[in-house]
Amino acid sequence: MLRRAAAQGAEPVRLLVLGDSLAAGYGLPQGQGFAPRLQAALAARGRAVRIIDAGVSGDTTAGGLARLDWALADRPQAALVELGGNDGLRGLPPRDSRANLAGILDKLAAAKLPVLLAGMLAPPNLGADYGREFAAMFTELARARPEVLLYPFFLDGVAGDAALNQPDGIHPNPQGVAIIVRRILPMVETLLDRVPPA
């Protein structure tokens, strides 16, 4: 598909995936992580896309904000933001995480990039109040920015299922990644449809 698009003179759309270990494919064989599997799924749908894999294991929303300028140097045309999981695991104040995500979204808006924000849920051991505040920051950020697409929970259909996760119970195995890619794919295609023609 990519070769056919190139032959027709169309350059692949550059999609930035700014994320943590879930995007980086932590613990998975090369080529089995989220970014390469998403690129392959898009190619199978006839879409010429080059994913700029900016997933860094252990990264927080603060880390993502700090390295966003570096990621933008690759001139992406759209962005998928998958951050927040490590903030939740560390019990960081949701107001701080929200401020960091707002900074990321504002920088991407200034760069005139269509954006898909992937939400996350906090670990249940942090309590119901923390969990509600944490989950709400994603919906509130998207509500305040109608142009931002929201995928409510990145690990939808995978979290909590031992058969779909690595032994740590946090990171998806290849079967889990396949489900994540399949579920988020329609939203990613909607995102790509918002990329202005070259």
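Heads up: the structure comes first, above all this text.
Okay, so let's go over this structure. Predicted model, so just to flag it, every value in this text is computed and none were measured. (Residues numbered from 1 in each chain as written. Predicted model: local features only at pLDDT ≥ 70, side-chain atom pairs only at ≥ 80, totals over all residues. Heavy atoms only, no water.)

Some details on the overall build of the protein
A tally of regular secondary structure across the protein gives 9 helices and 5 strands. Helices and strands in the protein line up, N terminus first, as α-β-α-α-β-α-α-β-α-α-β-α-β-α. Computed over the C-alpha atoms, the radius of gyration of the protein is 16 Å, within 12% of the 16 Å expected from 2.2 N^0.38 for a compact globule of 198 residues. Seen through its C-alpha atoms, the protein measures out along the principal axes to roughly 55 × 40 × 25 Å. Burial statistics for the protein: of 198 residues in total, 50% are counted as buried. As displayed, the protein has an accessible area near 9500 Å², and 55% of this comes from carbon and sulfur atoms. For the protein, the distance from the average position of its 20 positive side-chain charges to the average position of its 19 negative side-chain charges is 7 Å. (Helix = DSSP H or I, 4+ residues; strand = E, 2+ residues; numbered from the N terminus. Rg over C-alpha atoms; globule rule 2.2 N^0.38 Å. Buried < 20%, exposed > 50% of the residue type's maximum accessible area, 1.4 Å probe, protein only. Areas by Shrake-Rupley, 256 points an atom, 1.4 Å probe, with all protein chains shown as cover. Lys, Arg positive; Asp, Glu negative; His and termini not counted. Charge placed at Lys NZ, Arg CZ, Asp CG, Glu CD.)

Details of the side chain of R145
Residue position: R145 is located in the loop between α8 (128-144) and β5 (149-151). On the basis of relative accessibility, which here comes to 14%, the residue R145 falls in the buried class. Side-chain polar atoms of R145 contact the side chain of D106, separated by 3.0 Å. (Polar contact = N/O pair within 3.5 Å; in protein donor to acceptor, adjacent residues only side chain to side chain.)

Section: the packing of aromatic side chains
Taken as a whole and assessed by the stated rule, the structure comprises 3 aromatic pairs. Ring geometry for F34 versus F154: centroids 5.0 Å apart, planes at 75°, classification edge-to-face. Here F154 lies in the loop between β5 and α9 (174-193) and F34 lies in helix α3 (residues 34-44), a separation of 120 residues in the sequence. For the pair formed by F34 and F154, the shared burial category is buried. Centre to centre, the rings of F134 and F138 are 5.8 Å apart; their planes meet at 70°, and the pair counts as edge-to-face. Highlighted residues: F134 and F138, both in helix α8, separated by 4 residues, approximately one helical turn. On the accessibility criterion, F134 (0% relative accessible area) is buried. Relative accessible area serves as the criterion here: at 1%, F138 is assigned to the buried category. Each residue in the set Y130, F134 and F138 is aromatic and connected to the rest through ring pairs, giving one cluster. (Phe/Tyr/Trp six-rings, centres within 6.5 Å; stacked < 30°, edge-to-face > 60°.)

Considering the packing of α3 against α9
Two quantities define a packed helix pair, namely the angle between the axes and the distance from one axis to the other. At a minimum axis distance of 9 Å, the contact between α3 and α9 shows a crossing angle of 55°. It follows that α3 is oblique to α9 by the angle criterion. When you trace α3 past α9, the crossing you get is right-handed. Counting all contacts with α3, which are made through F34, R37, L38, A41 and L42, the residues of α9 involved are P174, V177, A178, I180, V181, I184, L185, V188, E189 and L192. Of the residues contributing to the contact of α3 with α9, the split by class is 13 nonpolar, no polar and 2 charged. (Axes fitted to C-alpha atoms, helices over the stretch in contact; angles between N-to-C directions. Parallel < 35°, antiparallel > 145°, perpendicular 65-115°, else oblique. Left-handed = near helix turned anticlockwise from the far one by under 90°. Contact = heavy atoms within 4.5 Å. Nonpolar A, V, L, I, M, F, W, Y, C, P; charged D, E, K, R; others polar.)

Concerning the pairing of strand β1 (residues 13-19)
The buried count for β1 comes to 7 of 7 residues, which makes it a mostly enclosed element. Of the two faces of β1, the one holding V13, L15, V17 and G19 and the one holding R14, L16 and L18 are both buried throughout. When β1 meets strand β2 (residues 49-55), the two strands line up parallel, connected through 7 bridges. Counterpart to L18 in the pairing with β2 is A54. Relative to strand β3 (residues 78-82), β1 runs parallel, the two sharing 5 bridges. Residue V17 lies in a different strand from β3, and its bridge partner there is L80. (Pairing = 2+ DSSP bridges.)

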